[in-house]
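Breakdown of the fold
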Amino acid sequence: MEPTEIPAGFTDADAREVIARAVKIVAVMAAVCVIPAWVKGGWRSALLLLIGAAIAGSGLWEWRRLMAALTAKMEPLPGEHIVGARRPSIGFALVGFFLRLFVVVGVLYVSLKYLNGSALALAAGLAMGVIALTIEGLRLLRSGTI
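Throughout what follows, the structure given in this document is the object of discussion. All residue numbers here refer to positions counted from 1 along the written sequence of the relevant chain. Only residues with pLDDT of at least 70 get local features here, since the model is predicted, and only at 80 or more are side-chain atom pairs given and counted; chain-wide, interface and lining totals rely on the full set of residues. The basis for every side-chain value is the complete set of heavy atoms in the structure, and neither hydrogens nor water enter the calculation.

Counting from the N terminus, the helices are DSSP H or I runs at least four residues long and the strands are E runs at least two residues long. Note that Glu62 resides in helix H2 (residues 43-74). It only takes one pair of heavy atoms within 4.5 Å for two residues to be counted as in contact. If near-sequence neighbours (up to four positions away) are discounted, Glu62 is found in contact with Ala93, Gly96, Phe97 and Arg100.

What follows is the structure, given as structure tokens:
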């Protein structure tokens, strides 16, 4: 009986790649949906859709940064025994994460108060992140990676 090869598994680099592809999917969906939103609800609704998509994409990117900092904290660097070896700071990642949340709340408030567009367009833009992650998750399931 021959020994079987153990698959490498899902690495941190794979996870970063998945998030990067999801951000690209959000950008493509926003580009495709902005014209129908403009035709149906006007430029204000189209702008709300783009704002929602930008928030979704930036949220995915921020999760990518936070994930990289957390995994770097848990796993030793190859040259970690060397004095001065640098790793991503979890503190900076958390500060950036919470700062982004406060900015997002402000952007959502100002957008809804002053643009007077369709809140459904904003919700559709925000949902693009979930849709992109679902697409990437299904792609991983189909490939047998997870």
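Take a side-chain nitrogen of Lys or Arg and a carboxyl oxygen of Asp or Glu: if they are within 4 Å of each other, that pair is a salt bridge. Scanning all chains against the criterion turns up four salt bridges. A salt bridge links Glu17 to Arg21; its shortest N-O distance comes to 3.2 Å. With Glu17 and Arg21 both in helix H1 (residues 12-41), this residue pair falls four residues apart, about one helical turn. We call a residue buried when its accessible area falls under 20% of the maximum for its residue type, exposed when it is over 50%, and partly exposed in between, using a 1.4 Å probe and counting protein chains only. Assessed through its relative accessible area of 46%, Glu17 is described here as partly exposed. Two residues, Glu136 and Arg139, come together in a salt bridge whose shortest N-O distance is 2.8 Å. Taken together, the residues span about one helical turn, with Glu136 and Arg139 both in helix H4 (residues 119-143) at a distance of three residues. With a relative accessible area of 37%, Arg139 lands in the partly exposed category. One network of salt bridges, with partners in common, ties together Glu17, Arg21, Glu136 and Arg139.

This part is about H1. In a regular helix each residue adds 1.5 Å, so 30 residues correspond to 44 Å; H1 covers 41 Å between its end C-alpha atoms and thus fits that length. The sharpest bend along H1 comes to roughly 35 degrees, located at Cys33, with the proline Pro36 sitting one to four residues further on. Considered for burial, the residues of H1 that qualify are Ala15, Val18, Ile19, Ala20, Ala22, Ile25, Val26, Met29, Ala30, Val34 and Ala37. The secondary structure elements touched by the buried residues of H1 are H2 and H4. A helix is expected to reach a length of 1.5 Å times the quantity of its residues less one. The angle between axes fitted to the seven-residue stretch ending at a residue and the seven-residue stretch beginning at it gives the bend at that residue.

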